[in-house]
Amino acid sequence: GVTGPQPEIERVPQGVDPHEPRSARVYDYLLGGKDNYEVDRALAHRILAVAPETRSLAWFSRKFLLHAVRTAATAGVRQFVDLGSGIPTSPNVHEVVHETHPAARVAYVDNDPVVFVHCNALMGNHPGVTALHADVRRPAELIRRLETESGIDFAAPVAITLVGVLHYVMDDENPAELVARYREAMAPGSYLAFTHGADISHPEIIERTSQDARNSSAQVRYRSRDEVTTFLDGLENTGPGVVPLQQWLADDLPETKLVLYGAVGRKR
Ligand code: SAM
């Protein structure tokens, strides 16, 4: 996170490989955080060399997340599940939703051990806020843990956010299928918001983040607008629909070579 300690390679937490880039740490670096290693910064700089505006895009992405969460909170949702939450960055989901609903429940979920350590440390003194070390690719198990460990009640509306996560799920892991499991679990009045790497991104960006990062967990699978639209099957599309996420925020934000689609669906 922006305020976290500088990790040193000599005291790497268990289960962490400092020689393979991780999306959480590349993204942390783009946001100006300190929880990243040389290998993450190197990948970030290969992206920035082609598209320096990717730093701004990282912040637009945070803005989109908070916009989606605010939309759900304003509509009366009081439970928030942030999947692939990343290293904590302020303002975070709980800070935004507690403005509207001080007793709202918030669960942060990530499969990166570094993210979990930071989230867990931060959440200790916030009632109703929990951190889970879990994998979004195992929806049945995760939904059960959200109920038992985070107190999420799937019989009531919930807002599930998957911001910058699904493009790390490769085709053989069937992203459409796993998103369907979350949609099915949601009660009417629930929200599902995501962003996703778009195949209309600049070819050099696609090359650097899919070829360079091949076989690491930071490898990106860019998808078409039609492919990501299926993630909203059966939901009512809100706002401008499945469009580059800048269009969700303002009319005058610059385009970026790395294009992320943003979408917010609501269950009727
Ligand atoms: N959602 C945050 C945001 O937008 O600010 C962080 C985005 S970061 C680019 C992607 C995050 O997704 C990383 O923290 C990574 O560890 C997490 N992630 C990737 N694959 C995951 C999986 N299968 N299960 C849980 N988390 C995952």
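Residues numbered from 1 in each chain as written. Predicted model: local features only at pLDDT ≥ 70, side-chain atom pairs only at ≥ 80, totals over all residues. Heavy atoms only, no water.

Undergrad: So what about the site of the ligand? Which residues, and what values?
TA: Inspection of the region around the ligand gives 19 residues, with Arg 62, Gly 84, Asp 110, Asp 135 and Val 163 positioned closest. Within the contact set of the ligand, an oxygen atom lies 2.9 Å away from a side-chain nitrogen or oxygen of Tyr 27. Within the side chain of Asp 110, one N or O atom sits 2.6 Å away from an oxygen atom of the ligand. Tallying contributions element by element places helix α1 (residues 23-30) first for the shell around the ligand, with three residues. Of the residues assigned to the shell around the ligand, the class counts are eight nonpolar, six polar and five charged. (Near = heavy atom within 4 Å. Polar contact = N/O pair within 3.5 Å; in protein donor to acceptor, adjacent residues only side chain to side chain. Helix = DSSP H or I, 4+ residues; strand = E, 2+ residues; numbered from the N terminus. Nonpolar A, V, L, I, M, F, W, Y, C, P; charged D, E, K, R; others polar.)

Undergrad: Describe the packing of aromatic side chains, listing the residues and the values that go with them.
TA: Scanning all chains against the criterion turns up two aromatic pairs. Consider the rings of Phe 64 and Trp 248, whose centres lie 5.7 Å apart with planes at 85°: the pair is edge-to-face. Placement of Phe 64 in helix α3 (residues 54-74) and of Trp 248 in helix α10 (residues 246-249) is noted, with a sequence separation of 184 residues between them. With respect to class, Phe 64 is no different from Trp 248; both count as buried. Ring geometry for Phe 194 and Phe 231: centres 5.7 Å apart, planes at 75°, overall edge-to-face. Here the residue Phe 194 occupies a position in strand β5 (residues 191-197), and Phe 231 occupies one in the loop between α9 (225-229) and β6 (236-237), the gap between them amounting to 37 residues. Taken individually, Phe 194 and Phe 231 each receive the classification buried, so the pair is uniform in this respect. (Phe/Tyr/Trp six-rings, centres within 6.5 Å; stacked < 30°, edge-to-face > 60°. Buried < 20%, exposed > 50% of the residue type's maximum accessible area, 1.4 Å probe, protein only.)

Undergrad: Requested: an account of the packing of helix α2 (residues 38-50) against helix α8 (residues 203-211), with residues and values cited.
TA: Packed helix pairs are characterised by how far apart their axes lie and by the angle those axes make with each other. Across the interface, α2 lies against α8 with an axial gap of 9 Å and an inter-helix angle of 175°. Accordingly, the angle class assigned to the pair α2 and α8 is roughly antiparallel. Where α2 approaches α8, its residues Leu 43, Arg 46, Ile 47, Ala 49 and Val 50 are matched on the opposing element by Glu 204, Ile 205, Arg 208 and Thr 209. The class makeup of the residues in the contact of α2 with α8 is five nonpolar, one polar and three charged. (Axes fitted to C-alpha atoms, helices over the stretch in contact; angles between N-to-C directions. Parallel < 35°, antiparallel > 145°, perpendicular 65-115°, else oblique. Contact = heavy atoms within 4.5 Å.)

Undergrad: An account of the nonpolar core is requested, with residue identities and associated values reported.
TA: Ranked by internal contacts, the top residues of the largest apolar core, which has 53 residues, are Phe 80, Val 93 and Val 97. Counting residues per element, this core draws most heavily on α3, which supplies 10 residues. In contact with Val 93, other than residues within four places in its own chain, are Leu 65, Leu 66, Val 69, Phe 80, Asp 82, Val 106 and Tyr 108. Grouped together as the second largest cluster of nonpolar side chains are 33 residues, Val 81, Val 169, Leu 178 and Val 228 included. (Core = buried A, V, L, I, M, F, W, Y, C linked by side-chain atoms within 4.5 Å.)

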